Amino acid sequence: IDGSSAVADYRMTVDQYLYSFISFKFNVVFCLGGINFGTQFDIQNQIAAMVKLLRNRDSRIYWRCYTQSDAPNFFPWTMDLLAHFAEMFNFEIIEMAADVGETIYCEWLSNNRSITYQAT
């Protein structure tokens, strides 16, 4: 799902995908630069749509967020914002680190877990 990539399986935003495929539920989301444009409010809404596509328990989100770009309407991610959003959406950060090319790698694990599943 990518609103700007011509090679994406679904060329739309995550909130458009949610509206079109609300019954689909996933355990894992790979968000590798897919939410990088708009205001903080826009980003929050896109994350909310992504979270609505996840199953209630034991879900994970793998992030690669860009911290810099000259693109118009670019949203500059920070580790503090990733931590803020993780808490807002009831996720625990399992790993977060500066990554290649002015990016941040981050892994979220849902705080809503089955009794047998524990964080690694």
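Structure: see above.
Residues numbered from 1 in each chain as written. Predicted model: local features only at pLDDT ≥ 70, side-chain atom pairs only at ≥ 80, totals over all residues. Heavy atoms only, no water.

A.B. asks: Lay out the sheet that holds strand E4 (residues 103–110) in plain terms, naming residues and giving numbers.
C.D. replies: As summarised here, the arrangement of the four strands in space is E1-E2-E4-E3, forming an open sheet in which the pairing is mixed. Strand pairing shows two members of the sheet lacking a second neighbour, strand E1 (28–32) and strand E3 (91–99), which therefore form its edges. Averaged over all neighbouring strand pairs, the angle between strand axes comes to 10°, with direction disregarded. Note that E3 and E4 share eight bridges and pair antiparallel. Counterpart to Ile 93 in the pairing with E4 is Trp 108. Running at roughly 155° to strand E2 (residues 60–66), helix H2 (residues 40–52) makes contact with E1, E2, E3 and E4 of the sheet. Lying over the sheet, helix H3 (residues 79–88) contacts E2, E3 and E4, oriented at roughly 165° with respect to E3. (Pairing = 2+ DSSP bridges. Helix = DSSP H or I, 4+ residues; strand = E, 2+ residues; numbered from the N terminus. Axes fitted to C-alpha atoms, helices over the stretch in contact; angles between N-to-C directions. Contact = heavy atoms within 4.5 Å.)

A.B. asks: Please provide a residue-by-residue account of the pairing of E4, values included.
C.D. replies: The side chains of a regular strand alternate, first on one face of the sheet and then on the other. In terms of residue burial, E4 counts as a mostly covered element, since eight of its eight residues are buried. Neither face of E4 is open: one carries Thr 103, Tyr 105, Glu 107 and Leu 109, the other Ile 104, Cys 106, Trp 108 and Ser 110, and all of them are buried. Two elements, E2 and E4, share seven bridges in a ladder whose sense is antiparallel. In the strand pairing of E4, Arg 60 is matched with Leu 109. Where E3 folds back on E4, the antiparallel hairpin that results is connected by three residues, among which Gly 101 adopts a positive phi of roughly 60°. (Buried < 20%, exposed > 50% of the residue type's maximum accessible area, 1.4 Å probe, protein only.)

A.B. asks: I'd love a proper account of the environment of Gln 68, names of residues and values included.
C.D. replies: Among the secondary structure elements, Gln 68 is positioned in the loop between E2 and H3. Along the chain, Gln 68 and Leu 54 lie 14 residues apart, while their C-alpha atoms are 28 Å from each other. One polar contact links Gln 68 to Glu 102, side chain to side chain, over a distance of 3.1 Å. (Polar contact = N/O pair within 3.5 Å; in protein donor to acceptor, adjacent residues only side chain to side chain.)

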